[in-house]
Amino acid sequence: SSGINAEYGEINREVVDLSSKALVVTGAGDLLDGDRDLDSCKTTPASAKGMTALDGVVTVGATNEDDHVVSKIGSCVDLFAPGYAIPAAGTADSVDRTVCSGSLCSAALAAGVIAQTLRSNSKLDIEVQKSMLINGATNRD
């Protein structure tokens, strides 16, 4: 267990280091069988939030086709995005296709939004990128 904790600590340090240079978009963590802890703040790399003064980390939760949350939740989650049966590139060859489910797939969609935004305005600083992504998300209420 201490080896796993050390590995998670290293991941968090890498996230903190990277977040000073670029916006980091990460998944909130998925609910595994028997997992009763819904707090995304206790998972890596969401737990890296708050470790740095420049909080350049956006944590994305996942929803299913009925817009029900299917990932971890909590104060570390900044927004939710589709995270069920997302079309994705496969690994067999350049035309292989598959589907992706989970908060990492949701994070990839959110990162794509920022990538498209940066295509037209590459000079946006990290805080503006984060604000645009979070404020541009649809309110679930």
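Residues numbered from 1 in each chain as written. Predicted model: local features only at pLDDT ≥ 70, side-chain atom pairs only at ≥ 80, totals over all residues. Heavy atoms only, no water.

1. Things to note about the confidence of the model for the protein
Consideration 1: A residue-level look at the protein finds 83% of positions with pLDDT of 70 or above and a mean pLDDT of 82.
Consideration 2: Note that pLDDT drops below 50 for residues 1-6; the model gives that stretch one contact with residues more than four away or on any other chain. (pLDDT = per-residue confidence, 0-100. Contact = heavy atoms within 4.5 Å.)

2. A word on the sheet that holds strand β3 (residues 79-82)
Consideration 1: Judged by pairing direction, the sheet is parallel, and its three strands sit side by side in the order β1-β2-β3 without closing on themselves. Unpaired on one side and paired on the other, β1 (24-27) and β3 mark the two borders of the sheet. Neighbour-to-neighbour, the strand axes of this sheet turn through a mean angle of 40 degrees, independent of strand direction.
Consideration 2: Bridging between β1 and strand β2 (residues 57-63) involves four bridges; their strand directions are parallel. (Pairing = 2+ DSSP bridges. Helix = DSSP H or I, 4+ residues; strand = E, 2+ residues; numbered from the N terminus. Axes fitted to C-alpha atoms, helices over the stretch in contact; angles between N-to-C directions.)

3. Overview of the pairing of β2
When a strand is regular, its side chains alternate between the sheet's two faces.
Consideration 1: Across the seven residues of β2, seven count as buried, placing the element largely inside the fold.
Consideration 2: Alternating positions in β2 separate into two faces, V57, T59, G61 and T63 on one and V58, V60 and A62 on the other, with burial throughout. (Buried < 20%, exposed > 50% of the residue type's maximum accessible area, 1.4 Å probe, protein only.)

4. Topic: the nonpolar core
General note: in soluble globular proteins, nonpolar side chains tend to be found buried as a group.
Consideration 1: The biggest cluster of nonpolar side chains holds ten residues, and these are L23, V58, V60, L79, A81, A107, A110, I114, I126 and L133.
Consideration 2: At the level of elements, β2, β3, α2 (103-120) and α3 (126-136) are the ones that each hand at least two residues to this core.
Consideration 3: Of the residues forming this core, the biggest block, three residues, is contributed by α2.
Consideration 4: Sequence-distant contacts of L23, defined by excluding residues within four places in its chain, comprise G56, V57, V58, I114, I126, Q129 and K130. (Core = buried A, V, L, I, M, F, W, Y, C linked by side-chain atoms within 4.5 Å.)

5. A word on a nonpolar patch on the surface
Consideration 1: Judged by side-chain polarity, L31, L38, V69 and I73 come together as a nonpolar surface patch covering roughly 280 Å² of accessible area.
Consideration 2: Tracing the chain through its elements places L31 in the loop between β1 and β2. (Patch = residues over 30% accessible without salt bridge, like charges linked within 9 Å, V, L, I, M, F, W, Y side chains within 5 Å. Areas by Shrake-Rupley, 256 points an atom, 1.4 Å probe, with all protein chains shown as cover. Salt bridge = Lys/Arg side-chain N within 4 Å of Asp/Glu carboxyl O.)

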